[in-house]
Amino acid sequence: MPRKRIIIAGGGLAGLSCAWHLQRSNIDCHIFEKEKEPGGLCRSKDINSFTFDYDGHLLHFRHAYAFNLIKGLLGKNLAEHQRSAWICSFGRYTRYPFQANLYGLPLPIIKECLVGFIRASKNGKHSAGKDGDFLSWINNTFGRGIARYFMVPYNSKFWTLPPQKITCAWLDGFIPVPSLQEVVDGTIEENKRQFGYSAQFWYPKKGGVSLVPLSLAASIKNIHTQREITGIDIYNRQVEIAFRHREKYDYLITTLPLPQMVSLIKEIPFKVKRLFGKLKWNSIFNLNLGIEKKDYSGRHWIYFPQKEFCFFRVGFFHNFSDYVCPEGKSALYAEVSYSKQKPIDKKMIVSKIRKDLDEAGILAAKDRVCAEDVNDIEYGYPIYDKNYQRARSEIIEYLRQYDIFTCGRYGSWKYMSMEDALLDGKNVAERQIAPLIC
Ligand SMILES: Cc1cc2nc3c(=O)[nH]c(=O)nc-3n(C[C@H](O)[C@H](O)[C@H](O)COP(=O)(O)OP(=O)(O)OC[C@H]3O[C@@H](n4cnc5c(N)ncnc54)[C@H](O)[C@@H]3O)c2cc1C
């Protein structure tokens, strides 16, 4: 059988993992990546002796395979942490998750949340189908108090849409659901138990999160960087690189954001074009700051459900690793969510973040900032609204007719963690491509 030519569009974690697993099966492929360095969203950069990630990126593992793969690559350079996550509301900090740690909130709020949770437990309508709306799931699972004071404001801010406009298809265990006993325990004192998939996390001791993709890339052949894919000719099976050069393929694996495919593929039928128009996402404006002051809180990150703060989360790089920031200083990131339906003023947002950090008692106006870095992440999280399922699956089906395989968080257009992106790359390599070759 003649050799098949396989092209992977994009050298983020999913593309790298796909190439790594293909290579392990003795299948050659070529990665075309538009940036100078592979890694995609999991890159890091050094600025004034601070190592910043493109927003906070922590490793959580649910699958032994992914853990062993990363452990094998990073060895002793991988450190485990017990999460210290908090919520800022009603002018105070309480432990995450809100629903299991009402302790410390004003008494009338605790009462409303607890009564609501008891009522919801009695109703026993916990589970919602994947297509059920997220607001009903919140109310049925946690009751009206927890919905009102955390779940609805936080999720509306994060998704930039009210939860009744989102389905539950993305949930997949991301939101911890404590028992009634655990909620009661958490009103009397801080809950001893840690909840949810992020209770532990891993992070490289040195080098920032980019150590993960860079270690993977080290043994992969044929990674072509600074090669932006500017067009795809599905009839002649060719990708166009930087508007001039053309590369032939038999199979194309794309990790590029799915909505971008509509402008890359020439002559796309109108019916399919309309499906692309139904895809929605939020974007994340990320501000990283290096600060001339030590922080002793030990906190990893804090959620901000209330409207008064423009960010939904603030995290602290220096508590992930001792090597990401110079001795005696600290480093933080703030994340603001926005979208077409809820835009932000990009000229004003940095000063607004600084003002709100001051308001939250995190960074006083007088504190000296010695490094600043902005990352405007256009494709943040795919939004699972009522059109999501149909539009996504029909687009993917259309692409498959032309031997285009989708992979990764943005290629497959799914809410995926780094671990999921790695496993998706493996899955596409071993279950979809390898059987066509071998
Ligand atoms: C704000 C934020 C915070 C996150 N935090 C975490 C976390 O703490 N823990 C966790 O596990 N996960 C986290 N994630 C998810 C994680 O970033 C992703 O799951 C993972 O990075 C996805 O990898 P990918 O390869 O699918 O996509 P990407 O990393 O986006 O890779 C796609 C690649 O394609 C390249 N590309 C794009 N267009 C072109 C083109 N035209 N031609 C050539 N190349 C192109 C890009 O440069 C990029 O390298 C977070 C995501 C976001 C948005």
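Residues numbered from 1 in each chain as written. Predicted model: local features only at pLDDT ≥ 70, side-chain atom pairs only at ≥ 80, totals over all residues.

### Some words on the overall build of the protein chain
Point 1. Within the protein chain, the regular secondary structure consists of twelve helices and 19 strands.
Point 2. In terms of C-alpha radius of gyration, the protein chain reaches 23 Å, essentially the compact-globule figure of 22 Å for 438 residues.
Point 3. Overall size of the protein chain, expressed as C-alpha extent along the three principal axes, is 70 × 50 × 45 Å.
Point 4. Per-residue burial over the protein chain gives 44% buried out of 438 residues.
Point 5. Sequence separation of at least 24 residues holds for 73% of the intrachain contacts in the protein chain that already meet a minimum separation of 6. (Helix = DSSP H or I, 4+ residues; strand = E, 2+ residues; numbered from the N terminus. Rg over C-alpha atoms; globule rule 2.2 N^0.38 Å. Buried ≥ 20, exposed ≤ 12 C-beta atoms within 10 Å, placed from the backbone. Contact = placed C-beta atoms within 7 Å.)

### Section: unusual backbone geometry
Point 1. With an omega dihedral of -5 degrees, the bond running from Tyr96 to Pro97 counts as a cis peptide bond.
Point 2. Here Pro97 shows up in the loop between strand E7 (92–95) and helix H3 (107–123).
Point 3. One non-glycine residue, Asp55, lies in the positive phi region at around 80 degrees.
Point 4. As for its position among the elements, Asp55 is in the loop between strand E4 (50–53) and helix H2 (64–74).
Point 5. Although it is not a glycine, Glu267 adopts a positive phi angle of roughly 55 degrees.
Point 6. Its place among the elements puts Glu267 in the loop between helix H7 (261–264) and helix H8 (270–276).

### What about the site of the ligand?
Point 1. As a matter of local geometry, the ligand sits amid 34 residues, with Gly10, Gly12, Gly40, Gly408 and Ser417 nearest to it.
Point 2. Listed by contribution, the elements that provide at least two residues to the shell around the ligand are helix H1 (13–24), strand E18 (369–382), helix H11 (408–411) and helix H12 (418–437).
Point 3. By residue class, the composition of the shell around the ligand is 15 nonpolar, twelve polar and seven charged. (Near = placed C-beta within 6 Å. Nonpolar A, V, L, I, M, F, W, Y, C, P; charged D, E, K, R; others polar.)

### Concerning the domain arrangement of the protein chain
Point 1. Domain annotation of the protein chain identifies domain 1 (6–43 + 62–78 + 205–278 + 386–437), domain 2 (89–197) and domain 3 (281–382).
Point 2. Its C-alpha centre places domain 1 at a distance of 35 Å from the equivalent point of domain 2.
Point 3. The interface of domain 1 with domain 2 comprises five residues on the first partner and four residues on the second.
Point 4. Here the side of domain 1 that touches domain 2 is composed, by residue class, of two nonpolar, one polar and two charged. (Domains from an automatic or database assignment.)

### Here we look at the packing of H1 against H12
Point 1. Contact geometry of H1 with H12 gives a least axis separation of 7 Å together with a crossing angle of 40 degrees. Judged on the interaxial angle alone, H12 and H1 are oblique. Remark: the crossing between H1 and H12 carries right-handed chirality. Contacts between H1 and H12 involve Leu13, Ala14, Gly15, Leu16, Ser17, Cys18, His21 and Leu22 from the former and Met418, Ala421, Leu422, Asp424, Gly425, Lys426, Val428, Ala429, Glu430 and Ile433 from the latter. (Axes fitted to C-alpha atoms, helices over the stretch in contact; angles between N-to-C directions. Parallel < 35°, antiparallel > 145°, perpendicular 65-115°, else oblique. Left-handed = near helix turned anticlockwise from the far one by under 90°.)

### What about the sheet that holds strand E2 (residues 30–32)?
Point 1. Spatially, the five strands line up as an open sheet ordered E9-E2-E1-E13-E19, and their pairing is parallel. The open sheet is flanked by strand E9 (223–224) and strand E19 (404–406), the only strands paired with a single partner.
Point 2. Bridging between strand E1 (residues 6–9) and strand E13 (residues 251–254) involves four bridges; their strand directions are parallel. Following the sheet pairing, Ala9 is matched in E13 by Thr254.
Point 3. Of the strands in this sheet, E1, E2 and E13 are in contact with H1, which crosses E1 at around 155 degrees. (Pairing = 2+ DSSP bridges.)

### Here we look at the sheet that holds strand E11 (residues 238–241)
Point 1. Read across the sheet, three strands follow the order E10-E11-E12 without closing on themselves; strand pairing throughout is antiparallel. The sheet terminates laterally at strand E10 (229–233) and strand E12 (245–248), the two strands that pair on one side only. Ignoring strand direction, the axes of neighbouring strands in this sheet form an average angle of 25 degrees.
Point 2. Both E10 and E11 contribute to a ladder of four bridges, which runs antiparallel.

### Considerations on the environment of Thr167
Point 1. Summarising the element assignment, Thr167 is placed in the loop between helix H4 (134–159) and helix H5 (180–188).
Point 2. We classify Thr167 as buried; it has 22 C-beta atoms within 10 Å.
Point 3. For the pair Thr167 and Lys271, spaced 104 residues apart in the sequence, the C-alpha separation amounts to 24 Å.

### Regarding the pairing of strand E14 (residues 281–291)
Point 1. Counting buried residues along E14, nine of its eleven residues qualify, which places the element largely inside the surrounding structure.
Point 2. Of the pairings in the sheet, the one linking E14 to E18 comprises ten bridges and is antiparallel in character. Its bridge partner being in E18, Leu287 is matched across the sheet by Val374.
Point 3. Judged from the nine bridges that link them, E14 and strand E17 (residues 330–338) form a sheet pairing that is antiparallel. Each residue of the ladder has a partner; that of Gly290, found in E17, is Ala331.

### Comments concerning the packing of H3 against H4
Point 1. Where H3 meets H4, the axes come as close as 5 Å, and the angle between the chain directions of the two elements is 160 degrees. On the basis of the axis angle, H3 is roughly antiparallel to H4. Crossing hand, H3 versus H4: right-handed. Packed against H3, whose contacting residues are Ile109, Glu112, Cys113, Val115, Gly116, Phe117, Arg119, Ala120 and Asn123, the element H4 presents Asn140, Thr141, Phe142, Gly143, Arg144, Gly145, Ile146 and Tyr149 at the interface.
Point 2. Grouping the amino acids of the contact of H3 with H4 by side-chain chemistry returns eight nonpolar, six polar and three charged.

### Focus: H1
Point 1. Between its first and last C-alpha, H1 extends 16 Å over twelve residues, near the 16 Å set by a 1.5 Å rise per residue.
Point 2. Counting buried positions over the twelve residues of H1 gives ten, a clear majority of the element.
Point 3. Along H1, the positions that sit buried rather than exposed are Leu13, Ala14, Gly15, Leu16, Ser17, Cys18, Ala19, Trp20, His21 and Leu22.
Point 4. Check the buried side of H1 and you find it contacts E1, E2, helix H6 (211–217), E13, H11 and H12.
Point 5. Looking one or two places after H1, you find Asn26, whose phi comes out positive at around 60 degrees. (Expected span 1.5 Å × (residues − 1).)

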